[in-house]
Structures are given as structure tokens and as C-alpha cells.
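The lines below spell out each chain.
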Amino acid sequence: MSKQRALVLGGAGFVGSHLCDRLVAQGWEVYAMDNLQTGRLQNIAHLRRHSRFAFVEHDVCEPFHMPAERIYNLACPASPPHYQADPVKTTLTSVLGALHALKLATRCGARVFQASTSEVYGDPEVHPQPETYRGAVNPIGPRACYDEGKRCAESLMMDFARSRGVEVRIARIFNTYGPRMDPDDGRIVSNFITQALRGEELTVYGDGTQTRSFCYVDDLIDGIVSLMEHPTFAEPVNLGNPEEFTVLDLAELVRELVSSHSPVTFRPLPPDDPKMRRPITQRATDLLGFAPKVPLRAGLARTIEYFEAQLDAEEKRQSATALIDKRGRAPSSVRARRTVNGSASR
Ligand code: NAD
Ligand code: UDP
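Residues numbered from 1 in each chain as written. Chains lettered and ligands numbered in written order. Predicted model: local features only at pLDDT ≥ 70, side-chain atom pairs only at ≥ 80, totals over all residues. Heavy atoms only, no water.

**Q** Let's hear about unusual backbone geometry: which residues, and what values?
**A** Along the chain, histidine 127 connects to proline 128 via a cis peptide bond; the corresponding omega equals -10 degrees. Checked against the element boundaries, proline 128 lands in the loop between β5 (111–117) and α4 (144–164). If you check the backbone angles, leucine 36 has positive phi at about 65 degrees while not being a glycine. Looking at the secondary structure, you find leucine 36 in the loop between β2 (29–34) and β3 (53–57). Judged by its relative accessible area of 8%, leucine 36 falls in the buried class. The backbone phi angle of aspartate 272 is positive, close to 65 degrees, even though this residue is not glycine. Relative to the elements of secondary structure, aspartate 272 occurs in the loop between β13 (264–267) and α8 (282–288). (Helix = DSSP H or I, 4+ residues; strand = E, 2+ residues; numbered from the N terminus. Buried < 20%, exposed > 50% of the residue type's maximum accessible area, 1.4 Å probe, protein only.)

**Q** Describe the sheet that holds strand β6 (residues 167–173), with residues and values.
**A** Within the open sheet, the 7 strands sit side by side as β3-β2-β1-β4-β5-β6-β11. Their pairing is parallel. Two strands close off the open sheet at either side, each with one partner strand: β3 and β11 (236–239). In this sheet, adjacent strand axes meet at a mean angle of 20 degrees when their direction is disregarded. Here 5 bridges tie strand β1 (residues 5–9) to β2, and the two strands are oriented parallel to one another. Considered in β2, the bridge of leucine 9 is made with methionine 33. Contacting β1, β4 (70–73), β5 and β6, helix α3 (residues 87–108) runs over the sheet at an angle of about 175 degrees to β4. (Pairing = 2+ DSSP bridges. Axes fitted to C-alpha atoms, helices over the stretch in contact; angles between N-to-C directions. Contact = heavy atoms within 4.5 Å.)

Spelled out as C-alpha cells, the structure:
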């Protein structure tokens, strides 16, 4: 029996790489497409030799033709410093990426999943947020490139579904964390953990009373794959963990789990930073039986373990480089290690 193919746009990113793992484990032939803007080859290095996995370096702003039964569109930087670094590119990535995914789906009869976001609710005036809430996005602020790009991607999904019969699935993803986040990504979980591990101050923006709900990546992947396989439901579905924490709560928990004495330091709150965010997940529960299982404390412990290993490896690389600089050439043991690591990391 021939295997079915899934195309994962943004497959070398944090969430995308976990999705590739899950789909390969389920027996799919998986093509990961990514331009490596914020993704890293090391996230998928363990899959590169798998007979049912392939990686294609490509920018979704350019059209692509790779027939598949399922197209997951996750291509878009998700961290505010990254998506604000080149805002025009961010808008284009969301809009053109969705358009190209939908055009491919029209040609090959695929079903398309769109990774949307809780940011479509902006700085919400309704709390917690149900899918029926239409949001309070500032369309001209620094977050608009991401928020409006994602809103437009949702609208393209629904228009292709209505006018061309394309099967679409849309998840509004709330803050998700876990291993394979880039330590220098700039998001709260990766920042606090790396700061605590390095003995640096934990940077709290504003007074730290703003809230978020943090979902462990495995729970999110459960929701994504079951939504994609739902037989009919095309409208947006919130996916996230409905437990809510303040930014200060998270700082304290990370300090405790890392046994860190790093102090907290307060920095200005970025413009339009949402004051509170928590999903109503009833729709996901009713449709998919979605129920996040990993409590924040347990998920953070696993994530801290990953970051510790990353920082250790980084330290080793730096001391090897220092040794090379000092001697003019690497000792043979270091040369050998660099060859092995060099093929996996970007
Ligand atoms: P990420 O930055 O780790 O992953 C995004 C991936 O998309 C990266 O591999 C990046 O290189 C790739 N990409 C960016 N622009 C591209 C382009 N033009 N062409 C091809 N590839 C491109 O972020 P993530 O946290 O893994 O997020 C994945 C998706 O989920 C994103 O669409 C994001 O908006 C959405 N999302 C994530 C969260 C979260 O908390 N992690 C929350 C809401 C929505
Ligand atoms: N934040 C913070 N310190 C940091 C990074 C982020 O206090 O080092 C805050 C940020 O202002 C926001 C929340 O943490 O209120 C979540 O930020 P993140 O960038 O992770 O995602 P967002 O939900 O804002 O997209």
C-alpha cells in the first residue's frame, strides 16, 4: 500500500519539527519545507536519514508544487522580536504562504491546516477568549504584521473552502513551549530559562501582571493532528492550555525549577502587549476530545533539561573554538567532533 504524504511548511521550526516527528511515527511520508529564517536544521537532524522524511529548503512566499494529501502551514516566525525584525516579510509570509498552500491544495485535492494564533484576538476585551470573539487587534501597530497576516490567512482559508471546496482546518494556537525552542528566540519561556541557567537577570516586561496560558508542545501536537483528521470542521478551533499564569508567576517558577538566584529586572512593556490571554477550549474538547495533559511545572522541567544540554553543547563549541584560535589549528579530537556536530547544526 502506498504511504500518504504530508507536507509541513515551517517543518524545521520548534512546533513544525515536533509535528514532523509525530507524522513520521504515524506512518506518513513527510516533506518538511522551510527557509530556515527562524528554524534550525538541528531540530530535524534525527529525521534526515529516515526513509519517509525529506527536507526541502524553500521560501513559501514563492510558489511550490509538491503534491500531498495533507498540507500543514506553520511557516511564519512566531516570536515578537523575530516577526517584527522584518514586518513586511512577516505579513507576506502569512498571506502568500497560505495562498500558495491553498493553490497547491486546489490542484492536488489536499486538506490544509493553518497554524493561526491567539494573536487574532489582539489585546482582548473579552476574557477568556472563545472562537466567536472577533478580537481587538491594532491594525497599525508593531504586532499588526503578525496579527493581521494571520487574520488574512484565516480569511483566505475560509474563502477557498467556500468558493473552491478546499478542505481546511484552522487552529488558533495559544502560547506553546517545549524542547527545540531556539534559546535566543526572545519569547518568555526561552528567555527566562536561558537567563536563569546563565545566572543572568530575568527580564520582566512591564510590571509582570499580564497573563498567558502555556501549553506543552506534545499537547499542542495532539490537538493539531486530531483537528487535521476531523472529517468536516472548517472553522477556527482554539488550541492551548487553559491554565493562566502571570509573567511574574512564570519567573518565580523558572527560578525555583532551575534553583536560580537570578534577580528579576523590570523592562518597559512593548506596545500593544496583550494584558491577558486564556483560551476557552470547549470547542476543541467537544470536537476532538482535546485535553492538555502536561502541567506547567512538568513541561518546564523537560524544557529546562533541553536548554541545559543546548547551553552545555554551546559552551563546549566555544571552548573548542578558543582552543583553535590559540593554537592556530584544532587538535584532532576537536576536529572530529566538529565534523559530526557541523553536519547537524546550522
Ligand atoms: P518557529 O519560528 O520556531 O517556526 C516557524 C518556522 O517557519 C521556522 O522554521 C521558520 O524558518 C519557518 N519560516 C518562516 N518564514 C518562512 C518562509 N517565508 N518560508 C518558509 N519557511 C518559513 O515558531 P513556532 O513556535 O514553531 O511556530 C510555528 C507556527 O505556529 C507559526 O506559524 C506560528 O505563528 C504558530 N504559532 C505558534 C505559537 C507558539 O506559541 N509557539 C503560538 C501561536 C501560533
Ligand atoms: N515577556 C517578558 N520577558 C521576556 C519576554 C517576554 O516579560 O523576556 C512578556 C511579554 O511582554 C508578554 C509575555 O511575556 O507579556 C509573553 O511574551 P512572548 O514574547 O513569549 O509571547 P506573546 O504572547 O507576547 O506573543
